[in-house]
Amino acid sequence: MSHRYPDPYGTGERPDHEPAADGYAGEEYVDTRYPDPPADDVRYEDDTYQDVRYSRQAEAHADAYAGGQHQEAAPAVQNFFAEEEAAPSRRSRRPSREKQRRRRRRTVVMIAVLAVFAGVVFGLTVFLRDLLGMNEVEDYPGPGEGTVSFVVQPGDGPLVIGNNLASQDIVASSKKFVEVFQQESQGREIQPGTFEMRLQMSSSGALGALLGDGGTAVHYAAIPRDQRQSETFDELVASTGIPLEEFTALAQNPQAFGLPQQAVSLEGYLFPGEYRFPVDMTAEEIITEMVQNAFTALEEAGVSDPAEQYRVLTKASIIQAEAGEADYATVAGAIENRLRADNTETNGLIQSDATVTYGLGRKSYNLTPEEKADTSNRWNTYANPGLPVGPIGSPSVEAIDAAANPADVPYFYWVTVNLDSGETKFSSTLAEHGRYVAEYQQWCSTQEAGRCE
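Thresholds, definitions, all that
Residues numbered from 1 in each chain as written. Predicted model: local features only at pLDDT ≥ 70, side-chain atom pairs only at ≥ 80, totals over all residues. Heavy atoms only, no water. 1 Å grid on protein atoms, 1.4 Å probe; cavity = no way out; pocket = protein on both sides within 12 Å on 5 of 7 lines; lining within 4 Å. Points joined across faces, edges and corners; volume = space filled by probe spheres on them. Helix = DSSP H or I, 4+ residues; strand = E, 2+ residues; numbered from the N terminus. Nonpolar A, V, L, I, M, F, W, Y, C, P; charged D, E, K, R; others polar. Phe/Tyr/Trp six-rings, centres within 6.5 Å; stacked < 30°, edge-to-face > 60°. Buried < 20%, exposed > 50% of the residue type's maximum accessible area, 1.4 Å probe, protein only. Pairing = 2+ DSSP bridges. UniProt positions renumbered as here; feature names shortened; annotations may be inferred. Contact = heavy atoms within 4.5 Å. Polar contact = N/O pair within 3.5 Å; in protein donor to acceptor, adjacent residues only side chain to side chain. Disulfide = S-S within 2.5 Å. Core = buried A, V, L, I, M, F, W, Y, C linked by side-chain atoms within 4.5 Å.

Asker: Can you help me understand the layout of surface pockets in this one?
Answerer: Left-over empty space is what a probe sized like a water molecule reveals as it rolls over the atoms. Here the largest pocket defines a volume of roughly 1200 Å³. Forming the boundary of the largest pocket are 39 residues, of which A321, E322, D353, A354 and Y365 lie nearest the centre. Counting only elements with at least two residues in the lining of the largest pocket, the list comes to α10 (306-322), α12 (353-360), β7 (413-418) and α15 (430-445). Counted by class, the lining of the largest pocket contains 16 nonpolar, 14 polar and 9 charged residues.

Asker: Would you mind showing me how to read the packing of aromatic side chains here?
Answerer: According to the stated counting rule, one finds 6 aromatic pairs in the structure shown. Between the aromatic rings of F233 and F247, the centroid separation amounts to 5.7 Å while the plane-to-plane angle is 25 degrees, which identifies the pairing as stacked. In this pair, F233 sits in helix α7 (residues 229-240) while F247 sits in helix α8 (residues 244-251), placing the two residues 14 residues apart along the sequence. Take F233 and F247: they sit in the same class, and that class is buried. Seen in terms of ring centroids, Y411 and F426 are 5.5 Å apart; in terms of plane orientation they differ by 25 degrees. Their pairing is stacked.

Asker: Sorry, what's going on with the pairing of strand β8 (residues 423-427) here?
Answerer: The side chains of a regular strand alternate between both faces of the sheet. Taken together, the 5 bridges between β7 and β8 define a ladder with antiparallel strand orientation. Bridge pairing in β8 places T416 opposite T424. Connecting the antiparallel pair β7 and β8 is a turn made up of 4 residues, with G422 showing a positive phi of about 80 degrees.

Asker: Please explain the UniProt feature "site: Important for catalytic activity" (unreviewed entry) in the protein as it appears in this structure.
Answerer: UniProt's entry tags E322 with the feature "site: Important for catalytic activity" (unreviewed entry), counted in the numbering of this structure. Among the secondary structure elements, E322 is positioned in helix α10. With sequence-adjacent residues up to four places away left out, E322 is seen in contact with S352, D353, A354, W414 and T416. Only 2.5 Å separates the side chain of E322 from the side chain of S352, close enough to count as a polar contact.

Asker: Would you explain the state of the cysteines in this entry?
Answerer: A covalent bond between the sulfur atoms of two cysteines is referred to as a disulfide. This model, assessed by the stated rule, comprises 1 disulfide. Covalently, C444 is tied to C452 through a disulfide, its sulfur atoms 2.1 Å apart. Handedness of the C444-C452 disulfide follows from its S-S torsion of about -100 degrees: it is left-handed. Of the two residues, C444 and C452, both sit in the buried class.

Asker: Could you clarify how one ought to interpret the nonpolar core in this entry?
Answerer: Note on soluble globular proteins: their nonpolar side chains tend to be buried together. L236, L266, I287 and I400 are the most contacted members of the largest nonpolar core, which has 52 residues in total. Among the elements that make up this core, the one with the highest residue count is helix α9 (residues 283-300) (9 residues). If we skip the residues at most four places from it in the chain, L266 touches Q229, F233, L250, A251, P254, F257, L259, I287 and V291. In this structure, V148, I161, F177 and F195 belong to the second largest nonpolar core, which totals 19 residues.

Written out as structure tokens, the structure is:
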């Protein structure tokens with residue numbers, strides 16, 4: 001085998017039988033920087049050990065030096081012993097206190113990181129459960145709290161009703177409500193109407209209220225302003241299920257509801273607004289409530305005489321049809337100027353397109369010369385001076401207030417020049433009015449066909 005260290009002959013290798021010239025006396029060198037398990041002749045002292053072979057080698061070196069036979073060791077050998085002296089013992093290789101503290105700190109940091117990670121995972125899990133509806137409450141225990149109005153529209157089925165109930169937090173789950181409906185309805189259907197209910201009811205309790213077993217079941221009807229009598233009756237039929245014939249028969253005797261003798265129908269007295277009629281309410285009771293609301297609005301506007309009420313209500317219905325709310329008082333003032341006995345500008349003619357089309361049974365912005373000249377139309381204010389024979393729709397409380405308290409203005413004419421914005425222009429002379437009419441016609445020429453009809 002070859003040696004790691006050069007021999008003094010400079011050949012780099014020498015046969016195994018050659019005597020050692022470097023003082024090792026033929027002993028084989030063993031590198032202990034990567035120690036093997038200790039041999040039998042290893043001595044231990046103070047937790048360190050020394051190989052006996054090292055002692056023998058040291059003694060050989062000492063003998064050689066004393067006999068004058070010392071030769072300087074090769075640099076590699078010197079480096080070897082220097083490394084042996086600097087090499088740490090097992091004791092010195094043990095972790096220092098500073099290293100131990102660093103390890104503890106790393107452990108603490110690692111634990112903290114894991115705790116934060118676990119928290120993030122938990123939060124994400126909760127979020128996903130909420131997002132997917134996994135944490136939803138299936139049903140409230142009931143009976144609920146507070147009050148809330150719930151509307152069932154015509155044609156709404158259990159699923160739509162359940163979704164609407166859940167969206168208003170009346171029930172916890174649409175799915176649960178549908179299940180309860182299938183189990184407890186016994187073939188009964190939920191009727192359209194408005195129901196007074198509670199928040200966070202049980203599904204069974206909500207179903208009972210909607211079926212009339214609890215709570216107050218009502219019919220909901222929304223009557224818009226400026227709606228005609230026939231349109232209002234259609235709305236009432238749809239919301240209550242009462243036959244149309246019952247309402248039209250009642251309209252033939254308006255005096256039975258307190259209207260003055262000149263009233264030809266219930267037109268104008270079917271006060272607009274949102275209504276919640278109990279499900280057992282009759283057509284007559286419904287009409288009575290609506291008419292009473294109209295009387296109340298007139299009295300609050302300061303009009304109590306029945307004949308004057310009829311006049312104000314007729315004016316208010318024209319104002320409602322002819323102007324936007326911002327212009328109610330100004331249009332009311334212009335109408336009053338036309339109704340004055342000394343009016344020579346229009347000679348007592350209101351000249352409202354809306355009144356003519358009401359008498360014709362249609363809604364339109366366009367009239368022919370023949371239609372304007374037709375005196376047989378009792379609502380034709382182009383041919384017949386003064387107010388028409390009665391209201392032409394259901395005026396709002398704002399229109400009633402304007403009719404009862406018109407603005408003091410010098411105008412006789414008005415025209416809405418933009419139907420989208422509702423911009424209305426007023427004038428005192430026919431020539432000025434003609435220019436505004438031309439402006440309206442120019443606007444109509446830029447619109448889609450039928451917009452101004």
